[in-house]
Amino acid sequence: YTVIIGNILNDPVFIINLLNLNDNSEKLKKFIIKAEREAGQHPGPGELFKRGNLYKEIYDYDNAVKNYMQSLKAFEQAETNRPEFYEELVIKGQIYFALAETDYRIHRSEYLEKSVEFLKTAIGLKPEKDLWIKLGDCYLASGKINEALYCYKCINQKSKINHLHA
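Because the structure is a prediction, the values reported are computed rather than measured.

Here we take up the overall build of the chain. Helices and strands together make up the secondary structure of the chain, namely seven helices and two strands. Out of the 166 residues belonging to the chain, those deemed buried represent 36%. Taking the intrachain contacts of the chain between residues at least 6 apart in sequence as the baseline, contacts between residues at least 24 apart amount to 42%. A total of about 10,700 Å² of accessible surface is found on the chain, and carbon and sulfur atoms cover 52% of it.

Written as structure tokens, this is what we have:
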């Protein structure tokens, strides 16, 4: 099942191989099942976040959202809710952005605001290129073009947030 569609991205021959997409989904499903078995009954927040991302990759948004929410709950139960805990800030920022992408019907703007909050705090502790990109993506998804452009310009500067008040 190969579909040829013209005029997409101004490419005269844009090919989507549907069999390949289906094969990858089946492989990911098997991988997820194996990972769930290995994690046991009490997977950590990081594991739940990764599992949510895998479900998102196969367009199973219900299970992705379920795992993202369980990850946030696992963080609460682990009592690591400390603003200085860098890895937690990064993961929470990414979870809320992923929730905005997958569960957008309900609280999209709230998810994006929370993602921005966690990512800005993480960048304040340790500015990283990937965090600036994700923060820019959050602003772009929120329709805040100027803030997004600022973030994208900061990618190679390794600077902390000084002038971003949005």
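What follows deals with the packing of helix α6 (residues 129–141) against helix α7 (residues 145–153). Contact pair α6 / α7: the axes reach a minimum separation of 8 Å and the direction vectors enclose 170°. The angle between α6 and α7 places the two elements in the roughly antiparallel class. Facing α6, whose interface residues are Trp132, Ile133, Leu135, Gly136, Asp137, Tyr139 and Leu140, α7 presents Ile145, Glu147, Ala148, Tyr150, Cys151 and Tyr152. Tallied by class, residues from the contact of α6 with α7 come to 10 nonpolar, one polar and two charged.

Take helix α3 (residues 61–78) next. For α3, with 18 residues, the first-to-last C-alpha span of 25 Å sits near the 26 Å given by 1.5 Å per residue. Within the sequence span of α3, burial applies to Ala64, Val65, Asn67, Tyr68, Ser71, Leu72, Ala74 and Phe75. Looking at the buried positions of α3, the neighbouring elements they touch are α2 (45–57) and α4 (86–102).

Let's shift gears to the nonpolar core. As a rule of thumb, soluble globular proteins bury nonpolar side chains together. Counting residues in each nonpolar core, the largest one holds 36 residues, and the members touching the most others are Tyr68, Ile95, Leu99, Leu131, Trp132 and Leu135. Taken together, the elements giving at least two residues each to this core come down to α2, α3, α4, α5 (104–125), α6 and α7. Here the element with the most residues in this core is α4; it accounts for 10 residues. Residues in contact with Leu131, not counting those within four places in the same chain, are Tyr86, Val90, Leu119, Ala122, Ile123 and Lys126.

One can describe the packing of α2 onto α4 by two numbers: an axis separation of 11 Å at closest approach and a directional angle of 30°. It follows from the interaxial angle that α2 and α4 lie roughly parallel. As for how α2 packs across α4, the hand of that crossing is left-handed. In this structure, α2 uses Gly46, Phe49 and Lys56 to contact α4, whose residues at the interface are Ile91, Gln94, Ile95, Ala98, Glu101 and Thr102. For the contact of α2 with α4, the class distribution of residues is four nonpolar, three polar and two charged.

Turning our attention to the pattern of salt bridges. Evaluation of the coordinates by the stated rule reveals three salt bridges. Salt-bridge contacts for Glu101 lead to Lys56; the nearest nitrogen and oxygen are separated by 2.4 Å. Of this pair, Glu101 sits in helix α4 while Lys56 is found in helix α2, placing the two residues 45 residues apart along the sequence. A relative accessible area of 36% means that Glu101 is categorised as partly exposed. For Glu88, the salt bridge goes to Lys92, with nearest N and O atoms at 2.7 Å. Here the residue Glu88 and the residue Lys92 both occupy positions in helix α4, the gap between them amounting to four residues, near one helical turn.

Turning next to the packing of aromatic side chains. As enumerated under the stated definition, the model contains five aromatic pairs in all. With centroids separated by 6.1 Å and ring planes inclined at 40°, the aromatic side chains of Phe49 and Tyr68 adopt a geometry described as tilted. Placement of Phe49 in helix α2 and of Tyr68 in helix α3 is noted, with a sequence separation of 19 residues between them. The two residues Phe49 and Tyr68 agree in class, both being buried. One aromatic cluster in this structure is built from Tyr96, Tyr111 and Phe118.

Procedures and definitions
Residues numbered from 1 in each chain as written. Predicted model: local features only at pLDDT ≥ 70, side-chain atom pairs only at ≥ 80, totals over all residues. Heavy atoms only, no water. Helix = DSSP H or I, 4+ residues; strand = E, 2+ residues; numbered from the N terminus. Buried < 20%, exposed > 50% of the residue type's maximum accessible area, 1.4 Å probe, protein only. Contact = heavy atoms within 4.5 Å. Areas by Shrake-Rupley, 256 points an atom, 1.4 Å probe, with all protein chains shown as cover. Axes fitted to C-alpha atoms, helices over the stretch in contact; angles between N-to-C directions. Parallel < 35°, antiparallel > 145°, perpendicular 65-115°, else oblique. Nonpolar A, V, L, I, M, F, W, Y, C, P; charged D, E, K, R; others polar. Expected span 1.5 Å × (residues − 1). Core = buried A, V, L, I, M, F, W, Y, C linked by side-chain atoms within 4.5 Å. Left-handed = near helix turned anticlockwise from the far one by under 90°. Salt bridge = Lys/Arg side-chain N within 4 Å of Asp/Glu carboxyl O. Phe/Tyr/Trp six-rings, centres within 6.5 Å; stacked < 30°, edge-to-face > 60°.

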